[in-house]
Each structure stands twice: as C-alpha cells, then as structure tokens.
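# Tertiary structure, described
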Amino acid sequence: MPASDSAPLYLGIDVGGTDVKLGLVDGACQIVATERTATSLLKTPQNVFRHAMEFASGRPIAGVGLAVPGVLDSHAFELREVVNLDGWLGVPLRDQLAQISGLPSMVVNDANAAAYAEHASRLLGVQSLALITLGTGVGCGMVVVGNPHGGDHGCAGELGHIAIDFSADALPCTCGSRGHLETYAGAAGVIARMVQLSGEEAEGLTPRRIANRAESGDELCQKVIADTAAYVGRAIGMLGQVADPAVVLLGGAMTFGGMETETGRRFLADVQKSVKQTTLVQVGGNMKIEFATLGNQAGMIGAAMVARDRS
C-alpha cells in the first residue's frame, strides 16, 4: 500500500561519481518518490544536501541517510579515500547533513547501504547478510548481526581482494598484489579467460555477450562462466568460514542473466556447489545464496533504512 501523507518517510541519498540518486522511502522499504541528478551539477556535499532537502520539502521526513563510495571512517563519518568525488575527502559528512537537514542523520558506505536494503527488505532481524557485486570489479557490502559493518578502518567487505590463487604464476591485481578474486572474476578477468581459450580478439567481447553465447550453447563461454562461479564460490567460502552469514546475495551488472536465463541459474548453482565444496557443512550447508533483487535502487533504499534504524 502507498504511504499516507502523514506516515513518516525517510530520505535516502546515494552519491556516486556519475549520479546522485534521491529516494523517499517508507518504513516498509517501499519507494514513494525518486529523483536522479548528475553529480557534476551539484559537486559539493553541501549542494547535494541542500538539493536533497528541496526534493523532500513538504513531506513528513523522520530521518536522512547518506550512502557514499570509498573508504568511510565509521567514527568521524568522513571519507578517507574516494575516486571521482572531488571535495568530499575529510568532510564531516554526518555533521553537515544534520546541520543542513535539521533531522537525525546517518552516513554509510554505499556497498553496505545496498546490503542493508536487501537485509531490511527480507526482514532478517539480527541475522547477517553479505551482498557481493560483480562487474568491472568485485565489491561486497556486509550486515553483521543486523548492523551495517564497515570495519575498524572502513575496509570490511573487500572481497575482491581476497587471494584465491597462491601459485607462483598467480595473476597480478591492479592493487599490486597477486591472485586476487577481482583479477579472476571481474569483467576484465572473464574476458581475458575467454580470449585465452578461444583465441579471439578482446575487442567487442563483454560479459553480457559471453552470457548470450553461453545461453545459445557455446561450450567455451559456458566454461568461462563456470570457472568464474568456482572462483566466486571459493571467496564466499572463505567469507563464510570467517563471518558465517545466513544469506549471501549476488548482484551487480555481471550475473550472466540472473534468474531470467538458464545460464544465470547455472552460474548460481555452480557458485553454491563451490561454496559447499570448500566449507564446513554447517557453513556451506546452511548458507542461503541467491541473486539480489533491488538493483540500482538498493543504495538509496539502504541509506533511508539506515536513517530509520541507526540515526
């Protein structure tokens, strides 16, 4: 049911290098209104916050949540490292947001905001959840015992930089180390394996095209996707042995069709198989592994729900 005019709403602000997404969300995770603006037009945190409050003007807002990319100091609520957001480093984001909005305010890393949205929509309570995003890189947002978890240094959930290959010829990662998941299961790694197996040129190859060809029966493409699932499953298995989340979700732009295609469903089954092969039965046997459902709206929904629960 749509929210009534008097029901409290929560404002979610999801800031990315390209767009600022705003969402008014009710207490049941339902979006009431949204808006998207180019980040380049707003630029500074203060402009973003003022624009967000203009968007929400006249509505019964009970709290404001902000989702930001990069390494977020979860005590000072300042960004320590971020790409493509000039003027955002070292700014006391929660204090400025609270000052401009005049409302209870909270700041959270964008991956954790997306994970929190999926967690809240599933009514998981104090259970733990990890949301793994597969695309150009490999990201992970975490909710531990019902709380968004950024870690003591803002780097919790860096699943893309878990080493899955310890051999002498492990592939180099862009971070300077070797054998990291992102090198094998990020988009560039998927394309590189396809080139290696098929002898094709990399130009024009994308994970989506590989998925489409796999769906049409191309066995090499099917092998590349199965290998990717095995790599992702190994990393989830490591995460499972350390954090033991009840639910792990796969999202992002590279889910090979998701539940809509046989290729996507096989990818998910292969991930599940790999996790069970590399974990204690109490971990892999009880962990629910599914595709995420909220898409690119998860960040603003999660920011709003963090404002509902944590501000």
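Above this text sits the structure in question.
Residues numbered from 1 in each chain as written. Predicted model: local features only at pLDDT ≥ 70, side-chain atom pairs only at ≥ 80, totals over all residues. Heavy atoms only, no water.

The next subject is the overall build of the protein. Secondary structure summary: the protein contains 11 helices and 12 strands in total. Relative to the 2.2 N^0.38 estimate, which gives 19 Å for 311 residues, the radius of gyration of the protein is 20 Å and therefore close to what a compact globule would have. Overall, the C-alpha framework of the protein stretches about 60 × 40 × 35 Å when taken along its three principal axes. Buried residues in the protein amount to 48% of all 311 residues. When the accessible area of the protein is evaluated, it comes to approximately 14400 Å², of which 50% is carbon and sulfur surface. Taking the 22 positively charged and 31 negatively charged side chains of the protein as two groups, their mean positions are separated by 3 Å. (Helix = DSSP H or I, 4+ residues; strand = E, 2+ residues; numbered from the N terminus. Rg over C-alpha atoms; globule rule 2.2 N^0.38 Å. Buried < 20%, exposed > 50% of the residue type's maximum accessible area, 1.4 Å probe, protein only. Areas by Shrake-Rupley, 256 points an atom, 1.4 Å probe, with all protein chains shown as cover. Lys, Arg positive; Asp, Glu negative; His and termini not counted. Charge placed at Lys NZ, Arg CZ, Asp CG, Glu CD.)

A separate point is the sheet that holds strand β9 (residues 138–144). Strand order in the open sheet formed by 5 strands is β10-β9-β8-β11-β12, with mixed pairing between adjacent strands. Strand pairing shows two members of the sheet lacking a second neighbour, β10 (147–148) and β12 (288–291), which therefore form its edges. Of the strand pairs in this sheet, strand β8 (residues 129–134) and strand β11 (residues 247–251) are connected by 5 bridges, and their pairing is parallel. Residue pairing for β11: Ile-132 is matched across the bridge by Leu-250. Helix-sheet contacts for helix α4 (residues 110–121) involve β8, β9, β10 and β11, and the interaxial angle to β9 is about 55 degrees. Lying on the sheet, helix α9 (residues 262–277) is in contact with β8, β11 and β12; it crosses β12 at an angle near 155 degrees. (Pairing = 2+ DSSP bridges. Contact = heavy atoms within 4.5 Å. Axes fitted to C-alpha atoms, helices over the stretch in contact; angles between N-to-C directions.)

Attention shifts here to empty space enclosed by the protein. Counted according to the given criterion, the structure contains 2 cavities of 30 Å³ or more. Put simply, the largest cavity is a space of about 40 Å³. In this structure, the largest cavity is lined by Ala-214, Gln-222, Ile-225, Ala-226, Thr-263, Arg-266, Phe-267 and Asp-270. Those elements giving two or more residues to the lining of the largest cavity turn out to be α8 (219–243) and α9. Tallying contributions element by element places α9 first for the lining of the largest cavity, with 4 residues. A class-by-class count of the residues in the lining of the largest cavity yields 4 nonpolar, 2 polar and 2 charged. What lines the second largest cavity is simply Ser-128, Leu-129, Ala-130, Met-142, Val-143, Val-144, Ala-243 and Pro-245. Looking at the lining of the second largest cavity, the elements that each hand over two or more residues are β8 and β9. A per-element tally of the lining of the second largest cavity places β9 first, with 3 residues. (1 Å grid on protein atoms, 1.4 Å probe; cavity = no way out; pocket = protein on both sides within 12 Å on 5 of 7 lines; lining within 4 Å. Points joined across faces, edges and corners; volume = space filled by probe spheres on them. Nonpolar A, V, L, I, M, F, W, Y, C, P; charged D, E, K, R; others polar.)

Moving on, we get to the sheet that holds strand β4 (residues 61–68). Strand order in this open sheet of 5 strands is β3-β2-β1-β4-β7, and the pairing throughout is mixed. Each edge of the open sheet is held by one strand with a lone partner, namely β3 (31–38) and β7 (105–109). When the angles between neighbouring strand axes are averaged without regard to direction, this sheet yields 15 degrees. Each of β1 (9–15), β2 (19–26), β3 and β4 is contacted by helix α2 (residues 45–56), which is oriented at about 145 degrees to β1, the strand it contacts most.

With 12 residues, α2 ought to run about 16 Å at 1.5 Å a step, and its terminal C-alpha atoms sit 17 Å apart, in line with that. Within α2 the residues assigned to the buried category are Pro-45, Val-48, Phe-49, His-51, Ala-52, Met-53, Phe-55 and Ala-56. (Expected span 1.5 Å × (residues − 1).)

The phi torsion at Lys-43 lies on the positive side, around 65 degrees, for a residue other than glycine. With respect to the secondary-structure elements, Lys-43 resides in the loop between α1 (39–42) and α2. Lys-43 gets classed as exposed once you look at its relative accessible area, which sits at 54%. Unlike most non-glycine residues, Asp-244 shows phi in positive territory, near 50 degrees. Along the chain, Asp-244 turns up in the loop between α8 and β11. Taking the relative accessible area as the measure of exposure, Asp-244 reaches 47% and is therefore partly exposed.

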